[in-house]
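Tertiary structure, described
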Amino acid sequence: MHDLNDMLYFAEVVERGSFAAAGRALGIPKSRLSRRISELEAQLDVRLLQRTTRTLSLTDAGQAFLAHCAAVRESAQAAADAVAQVQAVPRGTVRVTCPVTLAQTVLAQQLPFYLDRYPEVRLDLQVTNRVVNLVEEGVDVALRVRTSLEDSGSMVVKRLDEVCPVLVASPAQLRRQGTPATLDDLARVDVLMPSSREGQCTVQLVGPQGKAQSLEIAPRCVIDDLLSLKFAAMAGTGMGWLPDYMVASELRDGRLVRLLPEWSQPRAIVHAVFASRRGMSPAVRSFLDFLQEVMPSHASASCAGA
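Below is a summary of the structure that appears in this document. Sequence order as written defines the numbering, with residues in each chain counted from 1. This being a predicted model, a pLDDT of at least 70 is required before a residue's local features are given, and a value of 80 or more before pairs of side-chain atoms are given or counted; all residues contribute to the totals for chains, interfaces and linings. Hydrogens and water are ignored here; the side-chain numbers use all heavy atoms of the structure.

Below, the discussion takes up the packing of helix α1 (residues 4-16) against helix α2 (residues 19-26). One way to put it is that α1 packs onto α2 with a least axis distance of 8 Å and a crossing angle of 120°. Here α2 runs oblique to α1, going by the angle between their axes. Of the two possible hands of crossing, α1 and α2 adopt the one that is right-handed. The residues of α2 that touch α1, namely those facing Y9, E12, V13 and R16, are F19, A21, A22, A25 and L26. Residue classes in the contact of α1 with α2 are distributed as seven nonpolar, no polar and two charged. With axes taken as lines fitted to C-alpha atoms, and helix axes fitted only over the stretch in contact, angles between N-to-C directions fall between 0 and 180 degrees. Under the DSSP-based scheme used, a helix requires at least four consecutive residues in state H or I and a strand at least two consecutive residues in state E, with every element numbered from the N terminus. The cut-offs work like this: below 35 degrees is roughly parallel, past 145 is roughly antiparallel, 65 to 115 is roughly perpendicular, and the gaps in between are oblique. Handedness of each helix crossing follows the sense of rotation of the near helix against the far helix: counterclockwise by less than a right angle gives left-handed, clockwise gives right-handed. A contact between two residues is defined here by any heavy atoms of the two lying within 4.5 Å. Amino acids outside the nonpolar list (Ala, Val, Leu, Ile, Met, Phe, Trp, Tyr, Cys, Pro) and the charged list (Asp, Glu, Lys, Arg) are all regarded as polar, and Gly is one of them.

Another point: the pattern of salt bridges. Note on pairing: side chains with opposite charge can pair once their charged atoms come close. Whenever a carboxyl oxygen of Asp or Glu lies within 4 Å of a side-chain nitrogen of Lys or Arg, that contact is scored as a salt bridge. Applying the stated criterion across every chain yields a total of 16 salt bridges. Taking the shortest distance from any N to any O, the salt bridge between E12 and R73 comes out at 3.0 Å. Highlighted residues: E12 in helix α1 and R73 in helix α4 (residues 60-87), separated in sequence by 61 residues. A 1.4 Å probe rolled over the protein chains alone gives each residue an accessible area, and that area as a share of the maximum for its type sets the label: buried under 20%, exposed over 50%, partly exposed in between. Given a relative accessible area of 10%, E12 falls into the buried group. In this structure, a network of salt bridges that share partners links the residues E12, E15, R16 and R73.

Attention now goes to the packing of aromatic side chains. Two rings from Phe, Tyr or Trp (for Trp, the six-membered ring) form a pair when their centres are within 6.5 Å of each other. A pair whose planes differ by under 30 degrees is stacked, one over 60 is edge-to-face, and the rest are tilted. Counted by the stated rule, this structure contains four aromatic pairs. Taking 5.3 Å as the distance between ring centres and 80° as the angle between the ring planes, the aromatic pair formed by Y114 and F287 counts as edge-to-face. Linking Y114 in helix α5 (residues 100-117) with F287 in helix α10 (residues 282-294), this pair joins segments that are 173 residues apart in sequence. The residues Y114 and F287 share a single accessibility class, namely buried. One aromatic cluster in this structure is built from Y114, Y118, F287 and F290.

This paragraph deals with the side chain of T97. Position of T97 relative to the elements: it lies in strand β3 (residues 92-98). In this structure T97 touches Q126, T128, V132, V139, V141, A142 and L143, once residues within four positions along its chain are discounted.

The nonpolar core is taken to be a set of buried Ala, Val, Leu, Ile, Met, Phe, Trp, Tyr and Cys residues, with the residues joined through side-chain atoms within 4.5 Å. Membership of the largest hydrophobic core comes to 44 residues, with the highest contact counts inside it found for V94, L102, Y114, L143 and F287. Once you skip the residues sitting within four places of it in the chain, Y114 turns out to touch V94, V121, L123, A283, S286, F287 and F290. Core analysis: the second largest hydrophobic core is formed by 18 residues, V189, L215, I217 and L259 among them.

One bridge is not enough; two strands pair if DSSP finds at least two bridges between them. If you walk across this open sheet you meet the three strands as β12-β7-β13, and the pairing is antiparallel. The sheet is open, and its two edges are formed by β12 (240-243) and β13 (257-258), each paired on a single side. Where strand β7 (residues 165-169) and β13 come together, two bridges link them in antiparallel fashion. Note on β13: the bridge partner recorded for A169 is V257. Helix α9 (residues 244-253) contacts β7, β12 and β13 of the sheet and is inclined by roughly 105° relative to β12.

Our focus in this paragraph is the sheet that holds strand β14 (residues 268-274). Reading across from one edge, β4-β3-β5-β14-β6 is the order of the five strands in this open sheet, with mixed pairing throughout. The two strands at the open ends of the sheet, each matched to only one other strand, are β4 (121-127) and β6 (156-163). For this sheet, the mean angle separating the axes of adjacent strands, direction not counted, is 20°. Running at roughly 175° to β4, α5 makes contact with β3, β4, β5 (141-146) and β14 of the sheet.

By themselves, these are just geometric observations and shouldn't be taken as functional.
Take a look at the structure:
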């Protein structure tokens, strides 16, 4: 059986692109590393690398051998990670990004419980609606709310919850303008929207039996922050679509009223994305597990057709 270290050395040389770079990463002299690869080729009786003064390139045999070397290295790392996660207490910094509304209405309320449970963990939370490149910006976990997970690319996705935007209004507005009975009635009442183009916006709705409907709205007021839009709706400025979890308590105590319950905007998926499960620190894993625990499910009875 070949020395497994030589297989790991070979994978490192190929990935680093040179013996010198691999030697620095491994803490092994370049000459020793080159000799070990040469001895490996001799044992296999095949050329794995084509060497020039400036470049290294894989032979066909080297390409086939590399796949097995990479698998050995990943298995060894996975075994070490498994042992470390059993033994290690979550500690260190977890870097997280979260959309503004989700941070204001859910995450900020839950963080004290997480930090109390894991006193050796430090959280670095960036509240932003910007799409963050986790690898380039050194972020461990990004929380996102999307109607689809298709834009997550090569990231690992952990589904946490579903939310459903529902139409709500204050009792004061309903006394002033009446209660809409159909979608057409929305044309005669004040409506709040988070955005518009030239005074108009198109709302995509889902109705009974999953029926899709596009509705043109001329909003009375445009507010691009959902929490501010909620306060405006409670004050009677207008009615608007808000995530169900944001208005659950207000609907229970009557400060807001749900309208046209057979219609809603499409569900959105609350999810966490991260680069890889392999090599994940206990602190990051504990944070993901905590999110799975505390993110309640709101959409089961809120959306049309549920």
